[in-house]
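# Architecture and fold: a report
This is what each chain is made of:
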Amino acid sequence: MNAPLTDRKATNFEVDFLRRMPKVELHVHLEGAISPSTIRTMAARNNVTLPVSEGELENFFKFRDFDHFLEAYYAATSTMLTLEDWRLMIDQFMADRREQNIVYSEVFVSASHHLQRYDHDEWIRVLSESIGEGEERYGVRIRLIPDISREVPETSRPVLDFVTKAWENGVALGIGLGGPEQGFPPELFTDVFAEAKQAGMHVVAHAGETEGAASVRGAWNGLGAERIGHGLRVLEDPDLTHDMAAARVPFEVNPTSNYCIGVVSQDSPHPIRGMIDSGLVVTVNSDDPALFGNSLAQEFQLLIEQGFELEELWKLNLDAIGASFLNETEKETLTQQFCVFHTENSGGR
Ligand code: ADE
Ligand code: ZN
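Structure report, in brief.

Right, let's talk about unusual backbone geometry for a bit. Here the phi dihedral of N101 falls at roughly 60°; this positive angle occurs in a residue that is not glycine. Within the element layout of this structure, N101 appears in the loop between helix 5 (83–100) and strand 2 (102–109). A positive phi angle is found at R248, which is not glycine, with a value near 55°.

Structure, rendered in structure tokens:
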């Protein structure tokens, strides 16, 4: 990926600091975080034929546009067929979190595409056990946000029923909305989101990624989304931007994803700077790291190369704790841990 760069390069100190700093991630899709080798393993054992041969995979993952990206994402998803696959994926995902020093993650699962395969109680049991084992083994925490894929709105209710059980069990934080914005506006999902909120679940939505500010407005006002996934096109509406800044609604920004899918031109700096300058609360995320070949530390590094200072990035890292769905005590404990790292590692630049 040729992200537009200034002359600024991250120093060795900065690269090392970003890799080692404890991090929180709020926008990452489990299915988009599974390595190509594990995808191939699951495809082989489940007799799934991937739409491209091994040699062509590299080109397949150079996305022309959002629809092409989604085709690859669902090809990967189509290999995940058994409860054993979920055990494997969660183990590998949490091992990778450890490797990246991402101590807490809120993780999307495209529930619309898996629900019909399993008994829901069984699936929740496996998810819960796997997450518990991962916490023991790797010392990192994750919680799930199963989401509705917009292109199959008829799955909204079954997803809500599943999420309700997973939320009662403590595996899920609430419900999300993903998939293609075009042709599937937030208004299609108002009732289900209202019910989820009424029951006390968290609600979040992708919006303003490929569609404009009206989509962000719909997600915020219509669905009551507590955080917006991507959301960069909010800037097209200064009044909405002002209102969302005043309400301190967090935006989950994914710079590499936006460049890879083509929603931000390779020739321009990422609008995250404009979002911050407009007073919006912003967090940095990797979205689908296995598909985009990125890590969370590399997202921060990309921003250094676009003129951000390390201390600004550290602040965004702390803002992710604030924007998370952890309770206040957990947020405080994590903030203190992070600050110990900062104090011990900020010298010697
Ligand atoms: N599912 C996985 N990644 C996504 C993205 N960037 N936008 C919408 N849905 C997604
Ligand atoms: Zn996403």
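Look at helix 15 (residues 310–323) against helix 16 (residues 328–345): their axes get within 9 Å of each other, and the N-to-C directions meet at 160°. When the axes of helix 15 and helix 16 are compared, the pair comes out roughly antiparallel. Our pair here, helix 15 against helix 16, has a crossing hand that is right-handed. Taken together, the residues of helix 16 that come into contact with helix 15 (itself represented by E311, W314, N317, L318, I321 and G322) are K331, L334, T335, F338, C339, F341 and H342. Taken together, the residues of the contact of helix 15 with helix 16 break down into seven nonpolar, four polar and two charged.

Neighbouring residues of ligand 1: H29, F66, F69, Y73, G178, G179, H206, E209, H230, D287 and D288. In this structure, a nitrogen atom belonging to ligand 1 sits 2.8 Å away from a side-chain N or O atom of E209. Note that a nitrogen atom of ligand 1 is positioned 2.8 Å from one of the side-chain N or O atoms of D287. For ligand 1, the accessible surface in isolation is 260 Å², of which the surrounding protein chains cover 99%. Looking at the shell around ligand 1, the element that brings in the most residues is helix 4 (residues 66–77), giving three residues.

So, about the coordination of the zinc ion (ligand 2). Looking at the zinc ion (ligand 2), the protein donor atoms are H27 (NE2), H29 (NE2), H206 (NE2) and D287 (OD), and they sit 2.1 to 2.2 Å from it. Taken together, the four donor atoms coordinating the zinc ion (ligand 2) span angles of 88 to 173° at the metal, a pattern that classifies the geometry as irregular.

In this section: helix 2 (residues 36–45). Looking at helix 2, one finds that the buried residues are T38, I39, M42 and A43. The buried residues of helix 2 occupy an angular sector of 140° when projected down its axis, which confines them to one face. Buried residues belonging to helix 2 abut helix 4 and helix 5. Looking one or two places after helix 2, you find N47, whose phi comes out positive at around 55°.

In space, the eight strands of this open sheet follow the order 1-2-3-4-5-6-7-8, with parallel pairing throughout. Each edge of the sheet is formed by a strand with only one pairing partner; in this case those strands are strand 1 (23–29) and strand 8 (281–284). Pairs of neighbouring strands in the sheet enclose a mean axial angle of 25°, with direction left out of account. Alignment of strand 3 (residues 141–149) against strand 4 (residues 174–178), held across three bridges, turns out to be parallel. Its bridge partner being in strand 4, S149 is matched across the sheet by G178. Lying over the sheet, helix 6 (residues 120–138) contacts strand 2 and strand 3, oriented at roughly 150° with respect to strand 3.

For the rest of this paragraph, the subject is the side chain of N101. We classify N101 as buried; its relative accessible area is 16%. Polar contacts involving the side chain of N101 include one to the main-chain carbonyl oxygen of R19, which spans 3.1 Å. At 2.8 Å, the side chain of N101 forms a polar contact with the side chain of R98. Excluding anything up to four places from it in sequence, N101 contacts R19, R20, M21, P22 and K23.

The next thing to look at is the packing of helix 7 (residues 156–168) against helix 8 (residues 190–198). Contact geometry of helix 7 with helix 8 gives a least axis separation of 10 Å together with a crossing angle of 10°. The orientation of helix 7 relative to helix 8 falls into the category roughly parallel. The two elements helix 7 and helix 8 meet at a crossing, and its hand is right-handed. Facing helix 7, whose interface residues are S156, R157 and L160, helix 8 presents V192, E195 and A196.

What follows deals with the pattern of salt bridges. Taken as a whole and assessed by the stated rule, the structure comprises 23 salt bridges. R227 is the salt-bridge partner of E106, the closest N and O atoms lying 2.9 Å from each other. Within this pair, whereas E106 is found in strand 2, its partner R227 is found in strand 6 (residues 227–230), the two being separated by 121 residues in sequence. Since its relative accessible area comes to 1%, E106 is described here as buried. Ionic pairing is found between E122 and R125, a salt bridge with its closest N-O pair at 3.0 Å. Note that E122 and R125 are positioned in helix 6 at a spacing of three residues, about one turn of the helix. One network of salt bridges, in which partners are shared, links E84, R87, E122, R125 and E129.

Parameters and conventions
- Residues numbered from 1 in each chain as written.
- Chains lettered and ligands numbered in written order.
- Predicted model: local features only at pLDDT ≥ 70, side-chain atom pairs only at ≥ 80, totals over all residues.
- Heavy atoms only, no water.
- Helix = DSSP H or I, 4+ residues; strand = E, 2+ residues; numbered from the N terminus.
- Axes fitted to C-alpha atoms, helices over the stretch in contact; angles between N-to-C directions.
- Parallel < 35°, antiparallel > 145°, perpendicular 65-115°, else oblique.
- Left-handed = near helix turned anticlockwise from the far one by under 90°.
- Contact = heavy atoms within 4.5 Å.
- Nonpolar A, V, L, I, M, F, W, Y, C, P; charged D, E, K, R; others polar.
- Near = heavy atom within 4 Å.
- Polar contact = N/O pair within 3.5 Å; in protein donor to acceptor, adjacent residues only side chain to side chain.
- Areas by Shrake-Rupley, 256 points an atom, 1.4 Å probe, with all protein chains shown as cover.
- Donors = N, O, S within 2.8 Å, 3.2 Å for Na, K, Ca; no water.
- Tetrahedral: all angles 85-135°; square planar, octahedral: opposite > 155°, others 65-115°.
- Buried < 20%, exposed > 50% of the residue type's maximum accessible area, 1.4 Å probe, protein only.
- Arc of directions from axis to C-beta.
- Pairing = 2+ DSSP bridges.
- Salt bridge = Lys/Arg side-chain N within 4 Å of Asp/Glu carboxyl O.

On their own, these measurements won't tell you what the molecule is for.
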